[in-house]
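# Coordinate inspection notes
Spelled out from the first residue to the last, the chains are:
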Amino acid sequence: MNIESVAKFSRIYAPHQARSRKTLERVLDAFVELLARKPFEEITMAELARRSRIAVTSIYARFENKQALVLAAHERHRDDMIREIDKLLDPARWEGARLESIVSETMAGFIADRRSRLPLLRAALLINDREVYERAAQISRHVSERMAILLSPHLDWMPVQERERAIDFALRTATSVLQQQLVFGDIEPARFRLTEAELGQRLADQFIAALTHSRRTPDSRRKSERPKIPRPKKIVPNVR
């Protein structure tokens with residue numbers, strides 16, 4: 001982990017010595033392991049101290065509270081995730097591929113990458129911490145920017161100025177489904193449980209549908225959505 005990336009947060013007291021940095025890493029590793037076993041709210045500092053073999057006072061010397069632990073762990077996750085996103089969405093990797101194939105495989109890649117991060121992502125989503133949300137939003141915006149670079153050349157039917165907005169909204173719809181998984185955990189919120197493969201394909205289908213819907217310009221959509229007013233019937237006088 002890049003210590004400088006967490007040192008800027010006022011709630012995290014980053015060390016400067018190599019030995020102390022290893023201690024901080026050990027605490028974060030133990031914290032993420034505990035998140036995989038139990039919800040954030042059930043983890044205690046005493047339990048974390050035992051697992052990381054660090055005194056509770058030493059943990060508080062580096063982290064203001066449990067929320068600060070989530071912030072630091074999420075920042076470490078953020079750096080790793082952005083690197084993976086950049087590799088996955090590198091246009092050179094998809095040269096010659098069709099739009100449908102790119103979207104399908106990138107959705108599968110997103111799901112696979114987040115699998116090992118689910119406990120941490122769930123904690124980050126549910127702790128109601130503005131600083132964590134701001135960092136997560138930066139990841140979302142980064143994904144949107146990279147997706148726009150990758151997909152815009154494939155949307156030749158769409159005005160150039162509309163392409164990034166359409167891609168951003170399609171990504172929002174996919175993200176909302178994935179966030180629902182984080183909120184409910186292992187509880188199935190819908191009628192049908194989906195495998196990862198089916199979830200990835202349905203998200204890809206939804207993403208493509210959102211983009212192809214934009215084949216119609218906003219003006220044409222507004223025209224087609226205007227209610228049709230029936231023309232008044234011509235009254236012919238009954239002349240006897």
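Here's a quick rundown of the structure.

Rules and cut-offs
- Residues numbered from 1 in each chain as written.
- Predicted model: local features only at pLDDT ≥ 70, side-chain atom pairs only at ≥ 80, totals over all residues.
- Heavy atoms only, no water.
- Helix = DSSP H or I, 4+ residues; strand = E, 2+ residues; numbered from the N terminus.
- Buried < 20%, exposed > 50% of the residue type's maximum accessible area, 1.4 Å probe, protein only.
- Contact = heavy atoms within 4.5 Å.
- Arc of directions from axis to C-beta.
- Core = buried A, V, L, I, M, F, W, Y, C linked by side-chain atoms within 4.5 Å.
- Patch = residues over 30% accessible without salt bridge, like charges linked within 9 Å, V, L, I, M, F, W, Y side chains within 5 Å.
- Areas by Shrake-Rupley, 256 points an atom, 1.4 Å probe, with all protein chains shown as cover.
- Salt bridge = Lys/Arg side-chain N within 4 Å of Asp/Glu carboxyl O.
- Phe/Tyr/Trp six-rings, centres within 6.5 Å; stacked < 30°, edge-to-face > 60°.
- Lys NZ or Arg CZ within 6 Å of the ring centre and 35° of its normal.
- Axes fitted to C-alpha atoms, helices over the stretch in contact; angles between N-to-C directions.
- Parallel < 35°, antiparallel > 145°, perpendicular 65-115°, else oblique.
- Left-handed = near helix turned anticlockwise from the far one by under 90°.
- 1 Å grid on protein atoms, 1.4 Å probe; cavity = no way out; pocket = protein on both sides within 12 Å on 5 of 7 lines; lining within 4 Å.
- Points joined across faces, edges and corners; volume = space filled by probe spheres on them.
- Nonpolar A, V, L, I, M, F, W, Y, C, P; charged D, E, K, R; others polar.

### Things to note about the overall build of the protein
The number of helices and strands found in the protein is 11 helices and zero strands. Along the protein, helices and strands appear, N-terminal first, in the series α-α-α-α-α-α-α-α-α-α-α. Within the span of the protein, comprising 240 residues, buried residues form 39% of the whole. Pairs at least 24 residues apart make up 70% of the contacts formed inside the protein by residues separated by at least 6 positions.

### Examining helix 7 (residues 118–126)
Taken together, the buried positions of helix 7 are occupied by Leu-120, Leu-121, Ala-123 and Ala-124. The arc enclosing the buried residues of helix 7, seen along the axis, measures out at 160 degrees, which places them on a common side.

### What about the nonpolar core?
Ranked by internal contacts, the top residues of the largest apolar core, which has 31 residues, are Met-107, Met-147, Leu-151 and Phe-207. When residues of this core are traced back to their parent elements, those giving at least two are helix 5 (66–88), helix 6 (99–115), helix 8 (130–151), helix 9 (160–184) and helix 10 (196–213). The residues touching Met-107, leaving out its near neighbours within four places in the chain, are Met-147, Ala-174, Gly-200, Leu-203, Ala-204 and Phe-207. By size, the runner-up hydrophobic cluster in this structure holds 28 residues, among which are Phe-31, Phe-63, Ala-123 and Ala-124.

### Side note on the side chain of Ser-144
Tracing the backbone shows Ser-144 in helix 8. With residues near it in sequence (within four places) discarded, Ser-144 still touches Asp-168 and Leu-171.

### Re a nonpolar patch on the surface
Residues Leu-126, Val-183, Phe-184 and Ile-187 make up a contiguous nonpolar surface patch of about 350 Å² in total accessible area. Within the secondary structure layout, Phe-184 lies in helix 9.

### Regarding the packing of aromatic side chains
Counting across every chain of the model gives one aromatic pair. For the pair Phe-31 and Phe-40, a centre-to-centre distance of 6.4 Å together with 90 degrees between the ring planes defines the contact as edge-to-face. On the basis of relative accessibility, which here comes to 0%, the residue Phe-31 falls in the buried class. Phe-40 gets classed as buried once you look at its relative accessible area, which sits at 10%. Between the NZ or CZ atom of Lys-66 and the centre of the ring of Phe-40, over which it lies, the distance is 4.5 Å.

### As for the side chain of His-77
As for its position among the elements, His-77 is in helix 5. For His-77, the contacting residues outside a window of four places in its chain are Arg-117, Leu-120, Leu-121 and Ile-139.

### Quick notes on the packing of helix 5 against helix 7
Contact pair helix 5 / helix 7: the axes reach a minimum separation of 10 Å and the direction vectors enclose 130 degrees. When the axes of helix 5 and helix 7 are compared, the pair comes out oblique. Relative to helix 7, the crossing made by helix 5 is left-handed. Contacts from Val-70, Ala-73, His-74 and His-77 of helix 5 reach helix 7 at Leu-120, Leu-121, Ala-123 and Ala-124.

### Quick word on the layout of surface pockets
When its volume is computed, the largest pocket comes out at roughly 1000 Å³. Around the largest pocket, the lining comprises 37 residues; the ones closest to its centre are Gln-181, Leu-182, Phe-184, Gly-185 and Asp-186. Elements that contribute at least two residues to the lining of the largest pocket include exactly helix 6, helix 7, helix 9 and helix 10. When its residues are assigned to classes, the lining of the largest pocket shows 20 nonpolar, five polar and 12 charged. Volume-wise, the second largest pocket comes out at about 810 Å³. Lining the second largest pocket are 27 residues, with Ala-136, Ile-139, Ser-140, Thr-175 and Gln-179 sitting closest to its centre. Elements supplying a minimum of two residues to the lining of the second largest pocket: helix 5, helix 6, helix 7, helix 8 and helix 9. Here the lining of the second largest pocket gets nine residues from one element, more than from any other, and that element is helix 9. Across the lining of the second largest pocket, the residue classes tally to 16 nonpolar, seven polar and four charged.

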